[in-house]
Amino acid sequence: MTADDRVLLVIGSGLKVYRHYLIESAARRAAELDLKLVLVNNLKPTWQQEYFDEITVVNVFDHDELRAAAREIASRRTVVGLFCYDEPLVMPSAELAAEFGVPGLGPDGVQGCRDKHRTRSMLTAAGLPQPGFEMTDTLEQARETAARIGYPVVVKPRALGASMGVVLAEDESQLERAYLVASNASLVGDEPFRGGAIVEGYAQGPEISIDGVVHQGEYRVMFIARKETGHYPYFEEVGHVVDSADPLLRDQELIDVLTKAHQVLGVENGLTHTEVKLTSYGPVIIEINGRLGGDLIPFLGRIATGIDPGELLVEVAAGHRPDIAFTQQGVAGIRFGYPVEDATVHAVRVPTDLPGLVTAAPMVEPGTELRLPPGGYLARHSFVVCTGEDTDTIQERLATAIAAVELDADPLAAKDVADRLEMPAGLLDVDT
């Protein structure tokens, strides 16, 4: 091995529609640091080939295969860093970083993020505002917990991302269905987190997400997204807006809660995505994810602030403390298009010339079946991204742009209740 063969290992590229912009920036920054990118991925390379010096294809969701592939690369190349932004892979990635002695979230840190019950337990013990909660293994236990906490409650899997299997139950009559959805959703997750569901009090208030960077345990906020959810009683994320002038960026109470939470969980190095409810009793952390945000939120952050998360992935993985000063000021937003009912898609046509429109794209191929919760999740057929002078303008432009999307689709036959409570196979392949 030679000094000019220093590489950063990337675990999972994600889908082009969601992650291409990150890899493009990461490859550029890696070249500036005289580093090469090496990818371990589960799909045969197509668009990825332009950016990686080497690509190994294995079943990355088989963690033994993933570890073997990474170790084989490390045996013949000098691995100086490693990063991953794919939710099911953050734990084995953290373990590999620790094994190779390179910067990473740390196994304890990523475990604290990935295991939502552990997150709640640790943050509660540290005195941070948290709702009442309990991990339940049976419907009867869930009923007892909800009665003790008080309705409304949220029922959700112990792991998973993108709000999959997360359901609101406003009273006991809604709890059984919510529990079945959440517990069934958990069955597609990692083995240690399958079965049962967390029941927790519903935190009232607007929801935001915060993408931040951690270097040697020091947490800093990069940008904040205001979140829009839909498809009640589920929590599908249908849009986000990032404003470089968001006053929450200067809210010391919020920053203190975020900083303490990362310290309590033991996050060491990496980018994180934290979801927070702004309640009457202060900011309440809903979850911390050991990766940067999905839904193109980092892309919005780049447009609005000039911070390039793809570059930061490389810098933190290589052991550097990155500069996160804003280099531009603006507002950017995204809105996702959903069918009004379960449908088979024939074609999606997106607008190309509207005020403030940055980009728009279909998200499915012809023949794709889209099922709304609980029969499916992330049933998105398209997205639009816009910029504007302020958040009111952004909302108007996003509404106009998503209304201009044309969906050619046929409704699917209704599934019975039992079928709709089963999570579709292959859901973890969806990258947000």
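Residues numbered from 1 in each chain as written. Predicted model: local features only at pLDDT ≥ 70, side-chain atom pairs only at ≥ 80, totals over all residues. Heavy atoms only, no water.

Draft legend 1. Fine view of a negative patch on the surface. On the surface, a cluster of negative charge is contributed by Glu389, Asp390, Asp392 and Glu396. Its place among the elements puts aspartate 390 in the loop between β18 (382-388) and α11 (391-403). (Patch = residues over 30% accessible without salt bridge, like charges linked within 9 Å, V, L, I, M, F, W, Y side chains within 5 Å. Areas by Shrake-Rupley, 256 points an atom, 1.4 Å probe, with all protein chains shown as cover. Salt bridge = Lys/Arg side-chain N within 4 Å of Asp/Glu carboxyl O. Lys, Arg positive; Asp, Glu negative; His and termini not counted. Charge placed at Lys NZ, Arg CZ, Asp CG, Glu CD. Helix = DSSP H or I, 4+ residues; strand = E, 2+ residues; numbered from the N terminus.)

Draft legend 2. Local environment of helix α2 (residues 63-74). The end-to-end C-alpha distance of α2 is 16 Å, a good match for the 16 Å that 12 residues give at a rise of 1.5 Å each. Here α2 has its buried residues at Leu66, Ala69, Ala70 and Ile73. Buried residues of α2, viewed axially, fall in a sector of 95°; they line one side. Residues of α2 that are buried in the fold lie against β1 (6-11), β2 (36-41), β3 (54-57) and α3 (90-100). (Expected span 1.5 Å × (residues − 1). Buried < 20%, exposed > 50% of the residue type's maximum accessible area, 1.4 Å probe, protein only. Arc of directions from axis to C-beta. Contact = heavy atoms within 4.5 Å.)

Draft legend 3. Here's a closer look at the sheet that holds strand β15 (residues 343-349). The strand order across the open sheet formed by three strands is β17-β15-β19, and the pairing between neighbours is antiparallel. In this open sheet, the two edge strands, each paired with only one partner strand, are β17 (369-370) and β19 (406-411). Pairing between β15 and β17: two bridges, direction antiparallel. Its bridge partner lying in β17, threonine 344 is registered against glutamate 369. (Pairing = 2+ DSSP bridges.)

Draft legend 4. Geometry of the packing of helix α4 (residues 107-114) against helix α5 (residues 116-125). Packing of α4 against α5 leaves a shortest axis separation of 5 Å and a crossing angle of 100°. The orientation of α4 relative to α5 falls into the category roughly perpendicular. Residues Asp108, Gln111, Gly112, Cys113 and Arg114 of α4 form the contact with α5, whose own contacting residues are Lys116, Arg118 and Thr119. Residue composition of the contact of α4 with α5, by class: one nonpolar, three polar and four charged. (Axes fitted to C-alpha atoms, helices over the stretch in contact; angles between N-to-C directions. Parallel < 35°, antiparallel > 145°, perpendicular 65-115°, else oblique. Nonpolar A, V, L, I, M, F, W, Y, C, P; charged D, E, K, R; others polar.)

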